[in-house]
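Here is what each chain is made of, one letter per residue.
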Amino acid sequence: KSTNFYKHMDSDKMVKLTLKRLSAEDEYPDLSQHNNYMAKVLTQDMYKKLRERATPSGFTIDGVIQTGVDNPGHPFIMTVGCVAGDEETYEVFKDLLDPVIEDRHGGYKPTDKHKTDLNSGNLKGGDDLDPNYVLSSRVRTGRSIRGFSLPPHCSRGERRAVEKLSIEALASLSGDLKGKYYALKNMTDAEQQQLIDDHFLFDKPVSPLLLASGMARDWPDARGIWHNDNKTFLVWVNEEDHLRVISMQKGGNMKEVFTRFCTGLTKIESLFKERSHEFMWNEHLGYVLTCPSNLGTGLRAGVHVKLPNLSKNTKFEEVLKKLRLQKRGTGGVDTAAVGGVFDISNADRLGFSEVELVQMVVDGVKLLVDMEKRLEKGQSIDDLMPAQK
Amino acid sequence: GGVRITAMTKNCHNDYKMKFSVDDEYPDLTKHNNHMAKVLSKEIYGKLRSKSTPSGFTVDDVIQTGVDNPGHPFIMTVGCVAGDEESYEVFKDLLDPIISDRHGGYKPTDKHKTDLNFENLKGGDDLDPNYVLSSRVRTGRSIKGFTLPPHNSRGERRAIQNLSIEALSSLEGEFKGKYYPLDGMTDAEQEQLIADHFLFDKPVSPLLTCAGMARDWPDARGIWHNDNKTFLVWVNEEDHLRVISMQKGGNMKEVFKRFCVGLQKIEEIFKKHNHGFMWNEHLGYILTCPSNLGTGLRGGVHVKLPKLSTHAKFEEILTRLRLQKRGTGGVDTASVGGVFDISNADRLGSSEVDQVQLVVDGVKLMVEMEKKLEKGESIDGMIPAQK
């Protein structure tokens, strides 16, 4: 007997697909060259069962898996290979998505509950990472607006409604969160240049992982960027998720970054609620986002940190793993490090709260910097090796 | 208990979108310059948005490529595609004006003539090989009963591949050949196909990828060619089939003969399986892009015209001859070393024989003009009347 976590929805949330083409065998994708989470899980029998249905907005199994069929693998990372087209996707196609979620999120079970904690007061320390090493600190997450389908599937009308609601909510922010919205399709050249210089501007996706799922349709209609006057709090509208919320600043004061993040997010959420719109959330999956890899907190908290000695040490990868951290180049997920500067962030998203994840980053980066200092002096780091978190 | 499953209405995604108003859903086409953007008013969009072809193709699907691609630097793009044969009927309020604009005023009541009788071509076997380096004729064909590349499923695509392999493997004589599936060729086969300039790759043009034609690549895509390497068929690229006849030199008559004979042999075999080609007396052969309706035929040569191409009247001559120029790399390239790809500009409203005749006669004239210019003589007396 499965527990229904979607208590707010009608029981009529699944529809039986009558518009089929040929047999399941004829339609089942060829995944023999593939290496992504979807390809590991989707058997022909599973496909046969799931092709009979659609979500109420008409999203089908083919819509879910298209990106994974079109992109067999990625050189650096094990990609997820599937997306949600709406909130109901995670229920209607749970036969596929539960195992994908379990595999991707460290054994997270269909019966597990996810804890949300956006109380920045619960973070210990984090205001004293050494700025000689930690160049910048940043926290990002995503949010979906309940009642609208997601970027792979949404119509122009839905996207515009999400933009309109977002502009209204963000326009009500005040104090150090007061800011301005820049719609992608009609910003001036000067505005565009400034946003590029600030590293705020997002462009039409070029990654085939995103394009194949349909997220770039109708670009740049209803896409935009909002940021506060201080340039420390930024919201992307209608890129890979309805909203991407980013708090960032130079230096190592992650506590301040996280406090602004929590305050801003909570304020935005209440502004949406005042307008009768909530964020998609449930007690099993936490915040519901387009990519199953971003479920739970959707949170990536990270720093740009100088670790030229440590990164060449043979134990670097092992240390990161024990600390539950991951490294990226400073250009983001698909880049390599430059000048010994790494982007270090939490590896987990689901099954840990926001506070817990940022705590891991704060504690872990502190340790990494201590190790770097030891290696600079030619000393050993053996006694600093952490236990598995 | 479990979740109750209800039967889906014909196109439940489209029904879901109808919750939003026309104003909410109508695309922003203010920065756009393609045939679709010129025609699609809010009124037409409002009328068509509730419709769906029997296979589920909607007006949003038709126009997606044109919404995502506002314009092209060199050519006026069409900005819309068909997802199936019925698209041209269900969305005629949009497609008829586009067809008229694109195909020189072709009216909804006009009839298109098909003529694949190569004997009706006059001449064409004597284009000067010192100037005409190669000759080629291509067209597309769609298999009735299946939806088109922007919309088709893996199962449909595979069925088309299977039918195509069956049809092609029964060809004999000069048409005897072999099929190379894209997902199963060896490195050696791939090298050879590239060296022969036969291999097509996954589309990178956003005009095609935005229309959904590259889904599931390279599943059920492949290349067939005869042993002589003069007759080539692409399976499941931008159309179900692209058929190409080609050879070095200027004997367009021979190229066209092989083209017509091969096409008709293939068509017979598909008909035997109750899957003939999509064709009707108004639009001729039905293809994915409205620009390829009618004959779907592009007959062309690679020809050396270094002097004529720099003459002030070059463009005017081409227009009068109903020809177009491209670089030797194809539609989006510039010419190299004075060598141009010259082909028919028309597709719909004139027959295959008519169009190849225009190429043959027109190229013959342009080569004569080139020779005159080489000798420093004037070509003013040779400028043709508008065909």
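Residues numbered from 1 in each chain as written. Chains lettered and ligands numbered in written order. Predicted model: local features only at pLDDT ≥ 70, side-chain atom pairs only at ≥ 80, totals over all residues. Heavy atoms only, no water.

Going by an unreviewed UniProt entry, chain B carries the name creatine kinase and comes from Astatotilapia calliptera. Within the UniProt record for chain B, the comment given under Sequence similarities (unreviewed entry) is "Belongs to the ATP:guanido phosphotransferase family." (UniProt positions renumbered as here; feature names shortened; annotations may be inferred.)

Chain A is annotated in an unreviewed UniProt entry as creatine kinase of Astatotilapia calliptera. Database annotation for chain A, UniProt heading Sequence similarities (unreviewed entry): "Belongs to the ATP:guanido phosphotransferase family." A UniProt comment under Catalytic activity (unreviewed entry) is attached to chain A, and it reads "creatine + ATP = N-phosphocreatine + ADP + H(+)".

Scanning chain B for helices and strands turns up 13 helices and eleven strands. Relative to the compact-globule value of 21 Å for 387 residues, chain B shows a C-alpha radius of gyration of 22 Å, a close match. Here the analysis covers contacts within chain B between residues at least 6 apart in sequence; of these, 74% occur between residues at least 24 apart. Roughly 16200 Å² of accessible area belongs to chain B as shown, and the carbon and sulfur atoms make up 50% of that amount. Between the mean site of the 51 positive side-chain charges and the mean site of the 55 negative ones, chain B shows a separation of 1 Å. (Helix = DSSP H or I, 4+ residues; strand = E, 2+ residues; numbered from the N terminus. Rg over C-alpha atoms; globule rule 2.2 N^0.38 Å. Contact = heavy atoms within 4.5 Å. Areas by Shrake-Rupley, 256 points an atom, 1.4 Å probe, with all protein chains shown as cover. Lys, Arg positive; Asp, Glu negative; His and termini not counted. Charge placed at Lys NZ, Arg CZ, Asp CG, Glu CD.)

The next point concerns the packing of aromatic side chains. Residue and element names in this part refer to chain B. In the structure shown here, the tally under the stated rule is 15 aromatic pairs over all chains. Residues F314 and F340 carry aromatic rings whose centres are separated by 5.7 Å and whose planes lie at 70 degrees to one another, so their mutual orientation is edge-to-face. Taken as a pair, F314 in helix α12 (residues 314–321) and F340 in strand β11 (residues 339–344) lie far apart in primary sequence, 26 residues in all. Judged on exposure class, the residue F314 and its partner F340 are both buried. (Phe/Tyr/Trp six-rings, centres within 6.5 Å; stacked < 30°, edge-to-face > 60°. Buried < 20%, exposed > 50% of the residue type's maximum accessible area, 1.4 Å probe, protein only.)

Further remarks concern the sheet that holds strand β7 (residues 243–250) of chain A. All names here are of chain A. Strand order in the open sheet formed by eight strands is β4-β5-β6-β7-β3-β10-β12-β11, and the pairing between neighbours is antiparallel. Each having just a single partner strand, β4 (179–183) and β11 (325–328) make up the two edges of the open sheet. Shown here is a sheet whose adjacent strand axes are inclined to one another by a mean of 20 degrees, direction ignored. Bridge count between β4 and strand β5 (residues 224–228): five bridges; the pairing is antiparallel. Note that in β5 the partner of Y181 across the bridge is W226. Relative to the sheet, helix α11 (residues 316–323) contacts β11 and β12 (341–346), its axis offset from that of β11 by approximately 130 degrees. (Pairing = 2+ DSSP bridges. Axes fitted to C-alpha atoms, helices over the stretch in contact; angles between N-to-C directions.)

Residues and elements named next belong to chain B. Taking strand neighbours across the sheet as the criterion, the eight strands line up as β3-β4-β5-β6-β2-β9-β11-β10 in an open arrangement whose pairing is antiparallel. Whereas interior strands pair on both sides, the edge strands pair on one side only; in this sheet they are β3 (177–181) and β10 (323–326). Adjacent strand axes in the sheet meet at a mean angle of 20 degrees when their direction is disregarded. Pairing of β10 with β11 involves four bridges; the strand directions are antiparallel. Pairing of K325 across the sheet is with I342, part of β11. Its contacts with the sheet put α12 on β10 and β11, and the angle it makes with β10 is roughly 130 degrees.

Facing 45 residues of chain A, the contacting portion of chain B comprises 44 residues. Linking chain A to chain B there are three salt bridges. The partner of D60 of chain B in a salt bridge is R156 of chain A, with the nearest N and O atoms 2.7 Å apart. Counting only elements with at least two residues in the side of chain A that touches chain B, the list comes to β1 (14–16), α1 (24–27), α4 (61–70) and α7 (156–171) of chain A. Class assignment for the residues of the side of chain A that touches chain B results in 16 nonpolar, eleven polar and 18 charged. (Salt bridge = Lys/Arg side-chain N within 4 Å of Asp/Glu carboxyl O. Nonpolar A, V, L, I, M, F, W, Y, C, P; charged D, E, K, R; others polar.)

Looking now at the state of the cysteines. In total, this model carries zero disulfides over all chains according to the counting rule given. Take C82 of chain A: it sits in no disulfide, and the sulfur closest to it among the cysteines is that of C291 of chain A, at 7.1 Å. The thiol sulfur of C210 of chain B is not disulfide-bonded, and the nearest other cysteine sulfur, from C80 of chain B, lies at 14 Å. (Disulfide = S-S within 2.5 Å.)

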